[in-house]
Amino acid sequence: VVDLAEKEMDNPTFRSDTVLSDVHLHCPSKRHLMVRPNAVGQPVFLSYFKLLWSTEDLASGKHMREITTGREHQCRSGDELCDKDRSNIKKEGELNNEGVEALLDDDGDLEVVRRPRSASDLEAEDLLRDIVCPVILMKGKEDAFEDEEQECTCSDVVKIEHTMATPLEDVGKQVWRAALLLADYILCQRDTFRCCSVLELGGGTGIASIIMATVAKRVYCTDVGEDLLAMCERNVALNKHLVEPGGGEVKVKELDWLKDEFCTDPEAPYRWSEEEIADLLDQCSVIMAADVFYDDDLTDALFRTLYRITHNLRNSCTVYLALEKRLNFTLRHMDVTCEAYSHFRNTLNDLENLQDGKMKYTVEPVKLDFCQFLVYERIEQL
């Protein structure tokens, strides 16, 4: 949990009411570029998410190699050291086979053979640990990061502006693993979504909607909060290079689950027109949401909104829900539980068992054995 003070950006402070972004876990060693503060003073960062969808990448298994852990990378980059360690282990094993007596001192105590410490190890102890801070991208200094941009071609990079740490009410401004999981599924099932009309609930930064728009005809990316929707609209503009070749489009709109109607207020910047509402209800065949089940009241509101919208659709549709089951120790249960996930499953069961004579919902799990096109850790809780 990190909150970056406005005056002392180089020294992060910690607060208990702040939620830390998954992006730190996606690429912990990459530079995070701060491009601006948003309307409420939160630092906004620009991240490049590489799409590993070329034939060469998939055939060679490159997408799996790029998501290895730091320990595996360290072992591979130091093959000479690893080979040496394995040789030492082998020699020690041979020594043990000859007899334990060879490892005992005069008093009969076991002597442990240790690998000699290198000079670099001794020098490292004298060095202070570097403070890890985000690299701030300033106007006129874009060329400092030109090498990073040149690594990626226009067709395989998603550019996303997002925050790194926010209060709970602003977590939509961050990038979460479930959105990347949903994006993976879309890329693996491109034919399923081709030329569809799609609605995303709680779109946040818009990354899933942008990926969907590479194959779908039209995507309505919805959320609440003018600052968040402005960030989402900015991300849509940053990724026209992905969306325009396929003829898709993303419309950023306000949709408040706590209200029963679409926002049509002429003064609202992300309002719905009557034509857009009619188009959604007539054409929508896919609804999706990623990592929006963390508050019981909001979960109830989302399912009410889901029922209301599907009840008014002209055609049947498929709803794709992606989430991460976050485990927490609670004093109430004195055990590790996931109350938000349990509430979600109970509400989902209620929806499936709903019998009103008009609507029928069928719930099916999706196996996570599809290809991974984005670099993140696909943990078992997804």
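It should be noted that the structure appears before, not after, this text.
Here's a quick rundown of the structure. This structure is a prediction, so every number in the text was calculated from the model and none was measured.

1. Comments concerning the side chain of E254
Next, step 1: Locating E254 in the fold gives a position in strand β9 (residues 249–254).
Next, step 2: For the buried residue E254, which engages in no salt bridge, the nearest side chain bearing the opposite charge is K259, 4.7 Å off.
Next, step 3: In this structure, E254 is in contact with D223, V224, L229, C263, A268, Y270 and W272, ignoring residues within four places of it in sequence.

2. Some points on helix α14 (residues 296–312)
Next, step 1: Between the first and last C-alpha of α14 there are 25 Å, a value that for 17 residues agrees with the 24 Å anticipated at 1.5 Å per step.
Next, step 2: Listing the buried residues of α14 in full gives T299, A301, L302, F303, T305, L306, R308, I309 and T310.

3. Remarks on the pairing of strand β8 (residues 218–223)
Next, step 1: Extensive coverage of β8 is indicated by the burial of 6 of its 6 residues.
Next, step 2: Burial along β8 is two-sided: the face carrying R218, Y220 and T222 and the face carrying V219, C221 and D223 are both buried.
Next, step 3: The pairing of strand β7 (residues 197–200) with β8 spans 4 bridges and is parallel. Following the sheet pairing, S197 is matched in β8 by R218.
Next, step 4: Assessed by its sense of winding, the connection that carries the chain from β7 through helix α10 (residues 207–212) to β8 is right-handed.
Next, step 5: Strand direction decides the pairing type here: β8 and β9, joined by 6 bridges, are parallel. Bridge pairing links D223 to E254 in β9.

4. What to know about the sheet that holds β9
Note on sheets: strands pair through backbone hydrogen bonds, and any given pair is parallel or antiparallel.
Next, step 1: Across the sheet, 5 strands lie side by side as β9-β8-β7-β10-β11; this open sheet has parallel pairing. For this open sheet the edge positions go to β9 and β11 (318–322), each flanked by a neighbour on one side alone. Direction aside, neighbouring strands of the sheet carry axes that sit 20° apart on average.
Next, step 2: Contacts from helix α8 (residues 177–188) reach β10 (284–290) and β11 within the one sheet, and its direction differs from that of β10 by about 145°.
Next, step 3: Sheet strands in contact with helix α13 (residues 274–283) are β7, β8, β9 and β10, and its direction is about 100° off that of β10.

5. Remarks on the pairing of strand β3 (residues 43–50)
Next, step 1: Most of β3 sits out of view: 7 of its 8 residues are buried.
Next, step 2: Note that strand β2 (residues 33–37) and β3 share 4 bridges and pair antiparallel. Looking across to β3, one finds that L33 is bridged to L46.
Next, step 3: A loop of 5 residues connects β2 with β3, the two strands running antiparallel in sequence, and G41 in this loop sits at a positive phi of about 85°.

6. What about the environment of V198?
Next, step 1: The residue V198 is located in strand β7 in this model.
Next, step 2: For V198, the contacting residues outside a window of four places in its chain are M212, A216, R218, V219, Y220, C284, V286 and M288.

7. Digging into the packing of α14 against helix α15 (residues 339–352)
Next, step 1: In the contact formed by α14 and α15, the axes pass within 10 Å of each other and the chain directions differ by 25°. When the axes of α14 and α15 are compared, the pair comes out roughly parallel. In the packing of α14 onto α15, the handedness of the crossing is right-handed. Taken together, the residues of α15 that come into contact with α14 (itself represented by D296, T299, D300, F303 and L306) are E339, A340, H343, F344, T347, L348 and L351.
Next, step 2: Across the contact of α14 with α15, the residue classes tally to 6 nonpolar, 3 polar and 3 charged.

Each value, and the rule that gives it
- Residues numbered from 1 in each chain as written.
- Predicted model: local features only at pLDDT ≥ 70, side-chain atom pairs only at ≥ 80, totals over all residues.
- Heavy atoms only, no water.
- Helix = DSSP H or I, 4+ residues; strand = E, 2+ residues; numbered from the N terminus.
- Buried < 20%, exposed > 50% of the residue type's maximum accessible area, 1.4 Å probe, protein only.
- Lys, Arg positive; Asp, Glu negative; His and termini not counted.
- Salt bridge = Lys/Arg side-chain N within 4 Å of Asp/Glu carboxyl O.
- Contact = heavy atoms within 4.5 Å.
- Expected span 1.5 Å × (residues − 1).
- Pairing = 2+ DSSP bridges.
- Right-handed = clockwise from strand over helix to strand, strands pointing away.
- Axes fitted to C-alpha atoms, helices over the stretch in contact; angles between N-to-C directions.
- Parallel < 35°, antiparallel > 145°, perpendicular 65-115°, else oblique.
- Left-handed = near helix turned anticlockwise from the far one by under 90°.
- Nonpolar A, V, L, I, M, F, W, Y, C, P; charged D, E, K, R; others polar.

Taken by themselves, the reported measurements are silent on function.
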